[in-house]
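The chain contents come next:
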Amino acid sequence: MEYSARSGSLEKQRSQCIVVPVFKNNEMSAQAKKLDAASQGQIRKILNRGDIRGKSGQSLLLHDVRNINAQRVLIVGLGDRESIDTTRFINAVRTVITRIKPLSITNMICCLTDVPCGDKSISWKTLRQVEQFENGFYQYLDMKGKSAADVETAGNTGNTLARIDFFTSDRSTMKEIKNGINRGSALAEGLALAKDIANTPANICTPAYLAEQAVQLASRFESIEASVLEEKDMEEMGMGAFLSVSQGSEQPGKLVILHYRGTDDSVKPHAIVGKGITFDTGGISLKPGAGMHEMIYDMCGAASVLGTLATIARQALAINVVGVLAAAENMPSGVASRPGDIVNTLSGQTVEILNTDAEGRLVLCDALTCIEKFEPVSVIDIATLTGGCVVALGRVATGLFCNDDQLARQLSEAGEDTYDRVWRLPIWEEYQPQLASAFADMANVGGREASSITAACFLARFTKKYRWAHLDIAGTGFQGSGSNKGSTGRPIPLLTQYLDDRAAETE
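Residues numbered from 1 in each chain as written. Predicted model: local features only at pLDDT ≥ 70, side-chain atom pairs only at ≥ 80, totals over all residues. Heavy atoms only, no water.

A. Inspection of the packing of aromatic side chains at higher detail. Within the structure shown, the criterion is met by 5 aromatic pairs. Relative to Tyr 431, the ring of Trp 428 lies with its centre 6.3 Å away and its plane at 25°, an arrangement referred to as stacked. Here the aromatic rings of Phe 458 and Phe 462 are separated by 5.3 Å at their centres, their planes lie at 45°, and the arrangement is tilted. Look at Phe 458 and you get buried, because its relative accessible area is 0%. Take Phe 462: its relative accessible area is 2%, and that puts it in the buried class. A cation over an aromatic ring shows up here: Arg 395 above the ring of Phe 478, its NZ or CZ 5.2 Å from the ring centre. (Phe/Tyr/Trp six-rings, centres within 6.5 Å; stacked < 30°, edge-to-face > 60°. Buried < 20%, exposed > 50% of the residue type's maximum accessible area, 1.4 Å probe, protein only. Lys NZ or Arg CZ within 6 Å of the ring centre and 35° of its normal.)

Below is the structure:
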């Protein structure tokens with residue numbers, strides 16, 4: 001999609017569609033008033049019929065409005081002008097997408113940039129629009145056997161929109177709009193990369209494939225360097241927990257380390273660590289078959305690390321970041337880990353594996369120990385870790401667990417700013433006894449009660465040397481089933497904003 005800024009006489013703009021906002025009780029925005037005046041009151045006359053009341057989520061599509069050069073005018077409601085917040089603004093953009101997608105148009109002008117939204121800047125509003133439009137029109141077609149024309153004919157896609165102009169009545173804001181376009185385009189690139197990788201089926205997206213994608217990313221940006229640890233390297237290091245997961249598969253595990261250097265090498269990095277289980281059968285503790293196909297998304301955490309690094313590299317963010325992909329496949333076989341096995345971790349602690357389907361924490365605990373050597377300022381791990389988090393928070397909020405209140409606050413603020421929200425859950429010491437083992441330092445599961453919390457408590461035992469947060473994206477990293485399933489790219493917006501904020505602190 002191409003984006004640009006536009007100003008001038010709105011009614012004279014040539015476009016296949018102009019999007020204008022109205023507010024509660026059909027209070028017209030400045031742009032709607034201009035079009036209404038040019039149409040000699042035609043728009044107001046239509047609004048007075050009551051088909052739309054300016055409520056949030058409402059819309060009305062008009063064709064061939066008198067004296068307007070645009071072929072269509074899409075009127076979008078935003079509710080009370082004085083109380084428009086992030087949620088309502090983004091929902092308005094999503095309403096536009098829903099109405100525009102079925103139309104046979106290649107270009108449009110969107111006038112939502114001037115809409116008041118609390119203290120949000122023009123740049124922020126433009127960025128969020130680019131993000132939402134790219135999300136709304138994203139498709140994963142790499143595995144389709146039909147030609148693009150056949151797919152369109154079959155109704156699987158009719159998307160022809162190729163250009164969006166963001167209109168402003170104040171030419172002095174053009175620079176801000178362009179800044180928002182640049183930042184939004186960088187974010188969209190990172191999101192698309194992560195979605196493409198996450199949506200790739202597991203017969204192609206193996207740990208080796210993930211490693212290849214990381215190396216390719218490093219080849220695109222001089223600021224990124226990639227290295228790959230093989231199983232023999234991990235065995236020499238003592239990463240027994242990680243290897244206990246990969247040993248049952250014919251696909252060897254990989255620990256991928258990426259360095260993004262956006263500032264002086266003397267500046268300590270932030271670290272993001274992604275769970276990269278490219279397919280999770282549960283191992284010997286086999287999962288039910290009905291939903292197992294969704295386990296191609298058990299590497300969404302690793303995909304989000306790649307997407308985040310792509311975004312900040314495109315923005316040339318002035319910060320240093322270490323990204324880690326803990327990539328393995330969890331399969332049952334004659335050499336797979338068994339319930340009751342005890343393994344050594346890189347930290348020196350031992351773990352009794354009571355459930356081989358609790359494998360994400362096993363690859364992560366060794367990865368989290370491995371990054372100690374980089375002396376990170378903060379560490380955030382991202383994982384589709386527990387079904388319990390889906391039960392607790394659904395698919396709206398990501399579960400946040402953290403050993404540092406300031407870090408938790410910073411992540412929460414970044415989530416609110418990007419509409420990629422999190423909700424903090426406790427990791428109190430009172431939960432730790434659930435992980436007790438008779439024969440090892442700990443068990444890898446703590447029972448049904450507070451399962452998401454005890455999973456985080458397990459990871460907390462390996463993160464005592466730095467400020468750490470765990471994001472459980474089991475409910476937010478992917479969505480749906482059937483033809484509606486797919487990666488969401490979350491929490492890339494949150495991670496990017498968090499790193500952007502940290503870079504701004506050092507300027």
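B. Main features of helix α15 (residues 492-505). Counted at 1.5 Å a residue, the expected span for α15 with its 14 residues is 20 Å, and the 20 Å between its end C-alpha atoms agrees. Within α15, the full set of buried residues consists of Ile 492, Pro 493, Leu 494, Leu 495, Thr 496, Gln 497, Tyr 498, Leu 499, Asp 500, Arg 502 and Ala 503. (Helix = DSSP H or I, 4+ residues; strand = E, 2+ residues; numbered from the N terminus. Expected span 1.5 Å × (residues − 1).)

C. Quick look at the layout of surface pockets. Estimates place the volume of the second largest pocket at around 820 Å³. Lining of the second largest pocket is provided by 32 residues; of these, Lys 287, Asp 357, Leu 385, Thr 386 and Gly 387 occupy positions nearest its centre. Where the lining of the second largest pocket is concerned, the elements lending two or more residues are β10 (270-280), α11 (360-370), α12 (387-393) and α14 (451-460). No other element matches α12, which puts 3 residues into the lining of the second largest pocket. Here the lining of the second largest pocket is built from residues that sort into 11 nonpolar, 11 polar and 10 charged. (1 Å grid on protein atoms, 1.4 Å probe; cavity = no way out; pocket = protein on both sides within 12 Å on 5 of 7 lines; lining within 4 Å. Points joined across faces, edges and corners; volume = space filled by probe spheres on them. Nonpolar A, V, L, I, M, F, W, Y, C, P; charged D, E, K, R; others polar.)

D. Structural view of the pattern of salt bridges. Tallied over the full model, the rule gives 23 salt bridges. Arg 490 serves as the salt-bridge partner of Asp 420, at 2.6 Å between the closest nitrogen and oxygen. In this pair, Asp 420 is assigned in the loop between α13 (405-418) and β16 (422-424) and Arg 490 in the loop between β20 (486-487) and α15, connecting sequence segments 70 residues apart. In this structure Asp 420 comes out as buried when scored by relative accessible area, which is 2%. (Salt bridge = Lys/Arg side-chain N within 4 Å of Asp/Glu carboxyl O.)

E. Structural detail: the packing of helix α6 (residues 174-199) against α15. Where α6 meets α15, the axes come as close as 10 Å, and the angle between the chain directions of the two elements is 135°. Considering the angle they form, α6 stands oblique to α15. The element α6 and its partner α15 pack so that their crossing is right-handed. Contacts between α6 and α15 involve Arg 183, Leu 187, Gly 190, Leu 191 and Ala 194 from the first element and Ile 492, Pro 493, Thr 496, Gln 497 and Asp 500 from the second. (Axes fitted to C-alpha atoms, helices over the stretch in contact; angles between N-to-C directions. Parallel < 35°, antiparallel > 145°, perpendicular 65-115°, else oblique. Left-handed = near helix turned anticlockwise from the far one by under 90°. Contact = heavy atoms within 4.5 Å.)

F. Geometry of the sheet that holds strand β9 (residues 254-261). Read from one edge of the open sheet, 8 strands run β8-β9-β11-β10-β14-β18-β15-β16, paired in mixed fashion. On the outer flanks of this sheet lie β8 (224-229) and β16, each paired with one strand and no other. Taken pair by pair, the neighbouring strands of this sheet meet at an average axis angle of 20°, ignoring direction. Inspection of the sheet shows β10 paired to strand β11 (residues 320-330) by 10 bridges, in the parallel sense. (Pairing = 2+ DSSP bridges.)

G. Molecular detail of the state of the cysteines. As enumerated under the stated definition, the model contains 0 disulfides in all. Distance from the sulfur of Cys 365, which forms no disulfide, to the nearest cysteine sulfur (Cys 370) is 12 Å. (Disulfide = S-S within 2.5 Å.)

H. Main features of the sheet that holds strand β13 (residues 350-353). If you walk across this open sheet you meet the 3 strands as β12-β13-β17, and the pairing is mixed. Edge positions in the sheet fall to β12 (341-344) and β17 (442-443), since each has one partner strand and no second. Note: β13 against β17, 2 bridges, orientation parallel. Bridge pairing in β17 places Glu 352 opposite Ala 443.

I. Spatial organisation of the side chain of Asp 381. Structurally, Asp 381 is set in strand β14 (residues 379-383). Within the buried set, Asp 381 has no salt-bridge partner at all; the shortest N-O distance to an opposite charge, 9.5 Å, is to Lys 275. A distance of 2.8 Å separates a polar atom in the side chain of Asp 381 from a polar atom in the side chain of Trp 468. Among the polar contacts listed, one links the side chain of Asp 381 to the side chain of His 470, at a separation of 2.5 Å. (Lys, Arg positive; Asp, Glu negative; His and termini not counted. Polar contact = N/O pair within 3.5 Å; in protein donor to acceptor, adjacent residues only side chain to side chain.)

J. Looking closely at the environment of Tyr 466. Looking at where Tyr 466 falls in the secondary structure, it is placed in the loop between α14 and β18 (468-472). Considering only alpha carbons, one finds Tyr 466 and Arg 94, 372 residues apart in sequence, at a separation of 39 Å. Once residues lying within four places of it in the same chain are set aside, the contact partners of Tyr 466 are Leu 368, Ile 371, Glu 372, Pro 376, Val 379 and Asn 403. Looking at Tyr 466, its side chain comes within polar contact range of the main-chain oxygen of Leu 368, at 2.7 Å.

K. Looking closely at the packing of α11 against α14. Where α11 meets α14, the closest approach of the two axes is 9 Å, and the angle between their N-to-C directions is 30°. Regarding the angle of α11 to α14, the classification is roughly parallel. The two elements α11 and α14 cross, and the hand of that crossing is right-handed. Contact residues: Arg 361, Leu 362, Leu 364, Cys 365 and Leu 368 in α11; Ala 455, Phe 458 and Leu 459 in α14.

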